[in-house]
Structures are given as C-alpha cells and as structure tokens.
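For reference, the chains in residue letters:
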Amino acid sequence: MFVRKLEKDDWQAYKALRLEASRLHADKYGSSYEENVGRSDAEWQDGLCGASQAFFGLFDGDDMVGTGGVFMKDEGSRCGALIGGYIRKTYRGQGYSHLIYEARINWARESGLFDRLLIGHRKGNEASRRANQAFGFQYIGEQENVFGDGSKDMDMQYELRLR
C-alpha cells in the first residue's frame with residue numbers, strides 16, 4: 001500500500017473512485033453522484049492539476065482504493081481545505097486514512113501556500129472525527145450544510161494551524 005500525488009493522467013481512476021464514493025455515500029459529500037457524473041472529462045482532468053491544490057491516491061499495487069485532496073479555500077487566503085477523503089470499504093479500519101492525511105498535510109506544509117487547513121465532516125461521522133483528531137485538528141464550530149443526497153445536517157468543522 002502506498003500513497004502518491006495524482007497527475008492529470010490519473011483522471012479516469014480518480015473519476016471512477018469519486019463516482020463510487022458519491023454513489024455509495026452521498027450523505028457524506030458536498031456533491032451528488034448526479035453532479036459528478038455530469039462533469040466532462042476535461043473537468044476531471046483539469047481538477048487534478050493546479051498550483052494551489054493536490055489530490056492523492058491510495059494504491060494497492062496498480063489499483064487506486066482511496067483518495068483525498070487539499071486545495072486553496074479562497075485564492076490569497078492562505079487557508080486550505082482537506083476534501084474528498086474516501087477509502088473503499090474493504091480497506092477501511094486498517095490505518096490507511098493515516099497515509100492520505102499525512103500526504104495531504106505534508107504537501108500543504110511543503111508548498112508554503114497555507115497557514116492553516118480546514119476539514120469538516122457530517123455530524124456523527126466518528127471515523128472522520130477520529131482521523132482528523134489524530135493529526136491535531138481542533139474543533140472550531142459547526143454550521144448547517146446540504147449534503148450530496150440533498151439532506152441538511154450539521155457540518156462539524158476543524159482547523160490545523162501550520163504556522
């Protein structure tokens with residue numbers, strides 16, 4: 001098992017995994033399966049590249065089984081957000097989310113673009129809470145959010161200061 005930064009050529013594997021995540025767990029993500037299916041191939045390709053963002057894949061050999069990203073929340077804000085964390089069910093509970101968190105946080109630190117990182121999860125998502133707490137994220141509040149399945153719930157928000 002290993003994690004690496006995704007490149008533009010990884011778009012098809014990334015797309016397949018993100019579609020799987022939004023289809024199986026629309027209640028956990030900000031976009032729906034329908035929204036994601038409607039994205040063009042060019043949008044998937046371009047979404048993986050950018051100076052102020054990075055996406056990572058968790059691989060079992062050649063098979064991408066997990067993913068997560070980090071991007072600039074608002075240009076010039078020096079505030080990043082960790083997004084899109086997903087690991088296939090058969091790989092969960094084995095500590096692999098640690099690898100994806102580590103890769104995203106290390107990239108954010110090394111890029112020099114960010115002073116802090118934000119992450120959120122739907123209220124009650126204890127796996128996400130435990131994962132972000134393991135990396136020192138501090139609870140900063142909550143706000144109502146509409147999730148990919150159209151339901152409303154509280155989005156628990158956390159921050160990690162990098163500087």
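Residues numbered from 1 in each chain as written. Predicted model: local features only at pLDDT ≥ 70, side-chain atom pairs only at ≥ 80, totals over all residues. Heavy atoms only, no water.

## Considering the side chain of Ser 32
And step 1. Here Ser 32 is to be found in the loop between helix H1 (11–24) and helix H2 (33–37).
And step 2. Relative accessible area serves as the criterion here: at 9%, Ser 32 is assigned to the buried category.
And step 3. In contact with Ser 32, other than residues within four places in its own chain, are Ser 22 and Gly 148. (Helix = DSSP H or I, 4+ residues; strand = E, 2+ residues; numbered from the N terminus. Buried < 20%, exposed > 50% of the residue type's maximum accessible area, 1.4 Å probe, protein only. Contact = heavy atoms within 4.5 Å.)

## Details of unusual backbone geometry
And step 1. Positioned with a positive phi, Arg 78 is a non-glycine residue whose angle comes to about 65°.
And step 2. Relative to the helices and strands, Arg 78 resides in the loop between strand E3 (63–72) and strand E4 (79–87).

## Some remarks on the nonpolar core
And step 1. By size, the foremost hydrophobic cluster in this structure holds 20 residues, and its most contacted members are Leu 82, Tyr 101, Ile 105, Leu 117 and Phe 137.
And step 2. When contributions to this core are tallied by element, the ones reaching two or more residues are strand E2 (53–60), E3, helix H4 (96–111), strand E5 (116–122) and strand E7 (152–161).
And step 3. The element contributing the most residues to this core is H4, with 5 residues.
And step 4. With residues near it in sequence (within four places) discarded, Tyr 101 still touches Leu 82, Ile 119, Ser 128, Ala 131, Asn 132, Phe 135 and Phe 137.
And step 5. The next biggest cluster of nonpolar side chains, apart from the first, holds 13 residues, and it includes Leu 6, Ala 21, Tyr 29 and Met 64. (Core = buried A, V, L, I, M, F, W, Y, C linked by side-chain atoms within 4.5 Å.)

## As for the packing of aromatic side chains
And step 1. With the rule as written, the count across this model stands at 8 aromatic pairs.
And step 2. Consider the rings of Phe 2 and Phe 59, whose centres lie 5.4 Å apart with planes at 15°: the pair is stacked. A residue pair is termed long-range when its members are at least 10 positions apart, and Phe 2 in strand E1 (residues 2–5) and Phe 59 in strand E2 qualify at 57 residues.
And step 3. Take Phe 59: its relative accessible area is 5%, and that puts it in the buried class.
And step 4. Taken together, the ring pairs in this structure connect Tyr 14, Trp 44 and Phe 55 into an aromatic cluster. (Phe/Tyr/Trp six-rings, centres within 6.5 Å; stacked < 30°, edge-to-face > 60°.)

## Quick notes on the pattern of salt bridges
And step 1. This model, assessed by the stated rule, comprises 11 salt bridges.
And step 2. Overlapping salt bridges bring together Glu 20, Asp 63 and Arg 88 as one network. (Salt bridge = Lys/Arg side-chain N within 4 Å of Asp/Glu carboxyl O.)

## Regarding the sheet that holds strand E6 (residues 138–146)
And step 1. Pairing is mixed across the open sheet formed by 7 strands, whose spatial order is E1-E2-E3-E4-E5-E7-E6. Each end of this open sheet is capped by a strand with a single partner; those strands are E1 and E6. Pairs of neighbouring strands in the sheet enclose a mean axial angle of 25°, with direction left out of account.
And step 2. Pairing analysis gives 7 bridges linking E5 to E7, with the strands arranged antiparallel. Bridge pairing in E7 places His 121 opposite Met 156. (Pairing = 2+ DSSP bridges. Axes fitted to C-alpha atoms, helices over the stretch in contact; angles between N-to-C directions.)

## A word on the environment of Trp 107
And step 1. One can find Trp 107 in helix H4.
And step 2. Take Trp 107: its relative accessible area is 15%, and that puts it in the buried class.
And step 3. Excluding residues that lie within four positions of it along the chain, Trp 107 makes contacts with Lys 5, Ala 51, Ser 52, Gln 53, Ala 54, Phe 56, Val 70, Leu 113 and Phe 114.

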